[in-house]
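Structural overview for review
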Amino acid sequence: MNQHRARGRHSESVPLSFLSLDTIWRDIRFAVRSLLKAPGFTVVAILVIAVGIGANTAVFSVVNTVLLKPLTYPDPQSLVQLMNTGDQGSSPGANVPKFSIWSQQRAIFQKVAAYDTGGAGLNLTGGDQPEQVQGVHVTADYFALLGAPVVAGRTFTAAEDSPHGGNVVVLSYGLWKRRFGGNRGIVGNNIQLNGKPYQVLGVIGREFVTDNPADLWLPFQFELTSQDQAHYFGVIARLKPGVTVPMANAQLKLAANQFRRLIPMPSVQTAASA
């Protein structure tokens, strides 16, 4: 009995950290021995762990870029997103007729631009290895509106962003460095996208970050007289100096009335959201 109590007191005197490390080490040795007895399972386990670590890293990278590092644009307080408001709430989608009307509101907007969130990707060929890249369609004023730095060449002109404006493209800094080694000679030359030649007009600087990442940008080339009612892109604008969001909304309400007169449809209003 006394011997048992002595052993108990001796055990209590051992530091907790030592017991924890010893337990962990025994568990590790047991796991290693078990895995060595089943090599097939060992390979699967290592792959699962590797994929898990990779997924955690990727998720954090996305959150770190999108949520923890605010997107930086010049004079951000004047940037607004144009929304549709109605009985069912608000939505950011737009169609060509609405974009055409909004672009004419020069009393309240310095510039208006459309953008999509990217599709299924484009096949970039012509090098050693084909690559699928993410292309985003934008209108000509998109880069100037957001203050995108151009490190080589230029961006789209209004003529190139009109129907039959030709196959032209602007590269991101990342794609330019990765695929073309940062060679400025790529500007003015063609690259192959989905089997078609596209002339490279320019390269956007590394510091330009958007909430819809892109490897390259293509012009929408809208037919502004189109009556297509499909909502498939977003619209942003930059307010003129001295114009507030309430002032813009008042003007956009008038524009909505104009839109309903030109294109009869269910009651919809337009609102600017900072």
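All values reported here derive from a predicted model rather than from experimental measurement. (Residues numbered from 1 in each chain as written. Predicted model: local features only at pLDDT ≥ 70, side-chain atom pairs only at ≥ 80, totals over all residues. Heavy atoms only, no water.)

**Some points on the overall build of the protein**
To be explicit about the condition: A helix here means a DSSP run of H or I that spans at least four residues, while a strand means a run of E at least two residues long, and both kinds are numbered starting from the N terminus. Relative accessibility thresholds used throughout: buried, under 20% of the residue-type maximum; exposed, over 50%; partly exposed, between the two (1.4 Å probe, protein chains only). The contact criterion used throughout is that any non-hydrogen atoms of two residues lie within 4.5 Å. Methods summary: accessible areas were calculated by the Shrake-Rupley approach with a probe of 1.4 Å, and residue burial reflects only the protein chains presented.
Along the protein, the regular secondary structure elements total seven helices and 13 strands. A total of 274 residues make up the protein; the buried ones form 33% of that total. Summarising the internal contacts of the protein: among those between residues at least 6 apart in sequence, 74% fall at separations of at least 24. Here the protein displays about 16400 Å² of accessible surface, and carbon together with sulfur accounts for 59% of that area.

**Some thoughts on the confidence of the model for the protein**
Interpreting fine coordinate detail is not advised for predicted regions of low pLDDT. Definition in use: You can read pLDDT as the predictor saying how much it trusts each residue, on a scale of 0 to 100.
Looking at the protein, the pLDDT average stands at 76 and 67% of residues meet or exceed 70. Low pLDDT, under 50, characterises residues 38-69; the predicted model gives this stretch eight contacts beyond four residues in sequence or across chains.

**With respect to helix H4 (residues 96-103)**
So the rule is basically this: For this analysis, a polar contact is any N or O atom pair within 3.5 Å, provided that within protein one partner can donate a hydrogen and the other can accept it, and provided that sequence-adjacent residues contribute only side-chain to side-chain pairs.
In terms of burial, H4 is largely enclosed, as seven of its eight residues are buried. By the N-cap criterion, in which a side-chain oxygen at the helix start approaches the backbone nitrogen of a residue two or three places on, H4 is capped by Asn-95, the distance to Lys-98 being 3.0 Å.

**Topic: the pattern of salt bridges**
Inclusion rule: Whenever Lys or Arg places a side-chain nitrogen within 4 Å of a carboxyl oxygen from Asp or Glu, that contact is recorded as a salt bridge.
Scanning the model with the defined rule gives six salt bridges in all. Residue Arg-238 is joined to Asp-75 by a salt bridge in which the shortest nitrogen-to-oxygen separation is 3.9 Å. Of this pair, Arg-238 sits in strand S12 (residues 234-239) while Asp-75 sits in the loop between helix H3 (39-68) and strand S1 (79-86); the two residues are 163 residues apart in sequence, bridging distant segments of the chain. For Asp-75, a relative accessible area of 37% translates into the label partly exposed. Asp-215 is the salt-bridge partner of Arg-178, the closest N and O atoms lying 4.0 Å from each other. On the criterion of sequence distance, the pair formed by Arg-178 in helix H6 (residues 173-180) and Asp-215 in the loop between strand S10 (196-204) and strand S11 (216-219) is long-range, its members being 37 residues apart. Here Arg-178 falls in the partly exposed class, since its relative accessible area comes to 48%.

**Let's talk about the side chain of Arg-238**
Exposure remark for Arg-238: the relative accessible area of 9% places this residue in the buried category. Within the structure, Arg-238 has its side chain in polar contact with the side chain of Ser-78 (distance 2.8 Å).

**Here's the deal with H6**
Of the residues making up H6, those classed as buried are Tyr-173, Leu-175 and Trp-176. Downstream of H6 by one or two residues, Gly-181 has phi in the positive range, about 65°.

**A few points about the environment of Leu-224**
Inspection of the secondary structure puts Leu-224 in the loop between S11 and S12. For the pair formed by Leu-224 and Val-96, sequence separation is 128 residues and the distance between their alpha carbons is 6.3 Å.

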